[in-house]
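Chain residues, written in single-letter form:
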Amino acid sequence: MTSHQQSYISVCPHCRQPITPSDERPSLEVVQADSAPAKPQRNGEPIISFRQVNKWFGKLHVLKDINEDIYPGEVVVIIGPSGSGKSTMLRCINRLETIQSGRLVVDGYEISNPKVNITPVRAEIGMVFQHFHLYPHKTVLENIMLAPMKVRKIPQTEAKSIALELLKKVGIPEKAEAYPAQLSGGQQQRVAIARGLAMRPKIMLFDEPTSALDPEMIKEVLDVMKALAREGMTMVVVTHEMGFAREVADRVLFMDGGSIIERGTPEHFFVNPVEERTKAFLRQIL
Amino acid sequence: MNHQFNWAVLWEYRELLLAGLKITIQLSSISIVICTVLGIILGIMRLAKNALVRLFASAYVEFFVNTPLIIQMFFWYFALPMMLPETLRFWLWSHNYEFIASVIGLSIYTSSFIAEAVRAGIQAIDKGQREAALSTGLSGFQTMWYIILPQAVRIVIPPICNQYLNLIKNSSLAMTIAVPEITFQAQAIESYTFRGFEAFTAATLIYISLTLTVSFLMSRVERWASKGQRAVVA
Ligand SMILES: Nc1ncnc2c1ncn2[C@@H]1O[C@H](COP(=O)(O)OP(=O)(O)O)[C@@H](O)[C@H]1O
Ligand SMILES: [Mg+2]
């Protein structure tokens, strides 16, 4: 606890002034006290823990005093207007972005410490991007098999059976030998999910996984994600799909201007949000 | 005006031409291998996280791109040995140093152009590819090797092929430091026979067949490297 307390004292890299915590929930105990009805898993240690995290892009302050704990098995949906810092917050979790102050612990690794090697942490975290980013020069099967073979050193035959099983799970076993360019957007995104799952990760991150899809393909991707949530996967999902949030989220975070403005269960959010900005956003989007 | 062509001299001096062709092929192929390896390494170094590494690579490229090749050849051949211990110097001179110096000159000069092509090729790959690969737990090196370079290859093959053709043509400069390659031999035939037109026509045709062969081979390599890579459906 004392180390947490210490890390609260953070300094703005530009003005050198201490940043005073503005978060309404300064300690772990309070987090648990006012949160949603706890799932059984929530009694353990958080698997992702943001403490007073700040990030700047140059002079642009994109994450402001983020405090958040995510527990194993939780599905957390992040919503908020464009440019509010949702992607950045997500990308900090596997250090695709580095933070300038605060403490960020993921799966027991203090990844806010630049000396901590991020590669083994990334192996435990799958990520799905808005634009899929499948490897165009590799077949669907090769896309899924690469990391298990090269990172986990799993033999090719075993990697292949894992990949085939995952393709069945995402509903496109017949595309194993296809190249990404031969698939529809929805199929590509399902392959991307399979690629993320192939490492048997503890956490899956989704950054607007359906935003680049034609409407008729959104459902097939959301269905895969819902199934994953039901299996107990820890998921952090940035999305504008409010139906998804309502149905599978344990908690919803609303971000605006680099801060988490409001947090709560989907019922809280969609029935009686408190903050004015949340209400305005939900009016726009629903 | 009423020049009498005598193509028979080429047959008479075919041994010289063939010997020259052999040297040109050796010189070019060894240099092509070395300049490709150096160029890829330097191209990647130009994008390194470490600022010192980047600076070194940029300085290398700028230096060798912006000085005449013939000066570089003269430097490696005439100037460098003077900075070496005497025994090493004599050893080099008795071991075909003019050939070694031209390989060094051609390789280093061409590698700086290839480094530029490689840098541009890597930068042309969507940075999402790198992020996706890293996010699965691949190391930076694995990401470069399995994901970025195979895609960049397709982009860089045409400009690298151009550099290979330049290298083959530039290898004629090795005659200035007495490497008996094809241009050197053509000039020798001219001086023995005064049949300059015939001799240099032969050299020209030999260079053209070499460059066309390399172009053809590279187009096959490009086709192989592009397998599966149609534009990704947006
Ligand atoms: N690589 C970057 N360099 C500079 N600014 C960035 C970069 N990425 C994002 N930003 C800025 O940071 C802010 C937050 O971006 P982002 O996290 O992508 O928001 P969201 O995902 O909520 O739309 C935006 O103002 C965006 O323009
Ligand atoms: Mg975003």
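Provided above is the structure to which this section pertains.
Keep in mind that this is a model prediction, so the values were computed, not measured. (Residues numbered from 1 in each chain as written. Chains lettered and ligands numbered in written order. Predicted model: local features only at pLDDT ≥ 70, side-chain atom pairs only at ≥ 80, totals over all residues. Heavy atoms only, no water.)

### Let's talk about the pattern of salt bridges
All names here are of chain A.
- The final tally for this structure, using the stated rule, is 20 salt bridges over all chains.
- A salt bridge links Lys202 to Asp107; its shortest N-O distance comes to 3.1 Å. With Lys202 in the loop between helix H7 (185-197) and strand S9 (203-207) and Asp107 in the loop between strand S6 (101-106) and strand S7 (109-110), this pair connects stretches of sequence that are 95 residues apart.
- Residue Glu276 pairs with Lys279 through a salt bridge whose shortest N-O separation is 3.8 Å. (Salt bridge = Lys/Arg side-chain N within 4 Å of Asp/Glu carboxyl O. Helix = DSSP H or I, 4+ residues; strand = E, 2+ residues; numbered from the N terminus.)

### Here's the deal with the sheet that holds S7 of chain A
Residue and element names in this part refer to chain A.
- With antiparallel pairing, four strands are arranged side by side in an open sheet as S4-S3-S6-S7. Edge strands, defined here as strands with exactly one partner in the open sheet, are strand S4 (60-70) and S7.
- Direction of pairing for S6 relative to S7: antiparallel, over a ladder of two bridges. Bridge pairing in S7 places Val105 opposite Glu110.
- Sitting on the sheet, helix H3 (residues 86-93) is in contact with strand S3 (48-57), S4 and S6, with an inclination near 120° to S3. (Pairing = 2+ DSSP bridges. Contact = heavy atoms within 4.5 Å. Axes fitted to C-alpha atoms, helices over the stretch in contact; angles between N-to-C directions.)

### Quick notes on the packing of aromatic side chains
- On inspection of all chains with the given rule, the structure shows 16 aromatic pairs over all chains.
- Ring centres 5.1 Å apart and planes at 50° place the aromatic pair Phe5 of chain B and Phe197 of chain B in the tilted group. Highlighted residues: Phe5 of chain B in the segment before helix H1 (8-12) and Phe197 of chain B in helix H10 (residues 196-225), separated in sequence by 192 residues.
- The exposure class assigned to Phe197 of chain B is partly exposed, which follows from its relative accessible area of 48%.
- Ring centres of Phe63 of chain B and Phe64 of chain B lie 5.1 Å apart, and the angle between their planes is 85°; this geometry places the pair in the edge-to-face category.
- Take Phe64 of chain B: its relative accessible area is 12%, and that puts it in the buried class.
- Taken together, the ring pairs in this structure connect Phe56, Tyr60, Phe63 and Phe64 of chain B into an aromatic cluster.
- The ring centre of Phe57 of chain A lies 4.6 Å from the NZ or CZ of Lys55 of chain A, which sits over that ring.
- Sitting over the ring of Trp11 of chain B, Arg14 of chain B keeps its end group 4.1 Å from the ring centre. (Phe/Tyr/Trp six-rings, centres within 6.5 Å; stacked < 30°, edge-to-face > 60°. Buried < 20%, exposed > 50% of the residue type's maximum accessible area, 1.4 Å probe, protein only. Lys NZ or Arg CZ within 6 Å of the ring centre and 35° of its normal.)

### What about the nonpolar core?
- Counting 93 residues, the largest nonpolar core has Ile48, Phe50, Met89, Ile93, Leu104 and Val106 of chain A as the members making the most contacts within it.
- No other element matches helix H8 (residues 140-170) of chain B, which puts 13 residues into this core.
- Core analysis: the next-biggest nonpolar cluster, separate from the first, contains 53 residues, Val75, Ile162, Ile172 and Ala249 of chain A among them. (Core = buried A, V, L, I, M, F, W, Y, C linked by side-chain atoms within 4.5 Å.)

### Quick look at the site of ligand 1
Residue and element names in this part refer to chain A.
- Neighbouring ligand 1 are Phe57, Leu60, Val62, Pro81, Ser82, Gly83, Ser84, Gly85, Lys86, Ser87 and Thr88.
- Within the backbone of Gly83, one N or O atom sits 2.7 Å away from an oxygen atom of ligand 1.
- Lys86 places a polar side-chain atom, nitrogen or oxygen, 2.9 Å from an oxygen atom of ligand 1.
- Notes on ligand 1: free accessible area 550 Å², of which the protein chains cover 59%.
- Contributions of two or more residues to the shell around ligand 1 are made by S4 and H3.
- Take the shell around ligand 1: its biggest share by element is three residues, from H3.
- A class-by-class count of the residues in the shell around ligand 1 yields four nonpolar, six polar and one charged. (Near = heavy atom within 4 Å. Polar contact = N/O pair within 3.5 Å; in protein donor to acceptor, adjacent residues only side chain to side chain. Areas by Shrake-Rupley, 256 points an atom, 1.4 Å probe, with all protein chains shown as cover. Nonpolar A, V, L, I, M, F, W, Y, C, P; charged D, E, K, R; others polar.)

### Points about the interface of chain A and chain B
- Every contact between the two is made by 27 residues of chain A and, on the other side, 24 residues of chain B.
- Counting across the chain A and chain B interface gives one salt bridge.
- The closest approach of N and O atoms between Glu131 of chain B and Arg91 of chain A, which form a salt bridge, is 2.7 Å.
- Our count for the contact surface shared by chain A and chain B stands at five residue pairs in polar contact (both at pLDDT 80 or more).
- Those elements giving two or more residues to the side of chain A that touches chain B turn out to be helix H4 (119-122), strand S8 (125-128), helix H5 (140-150) and H7 of chain A.
- Among the elements that line the side of chain A that touches chain B, the one with the most residues is H5 of chain A, at three residues.

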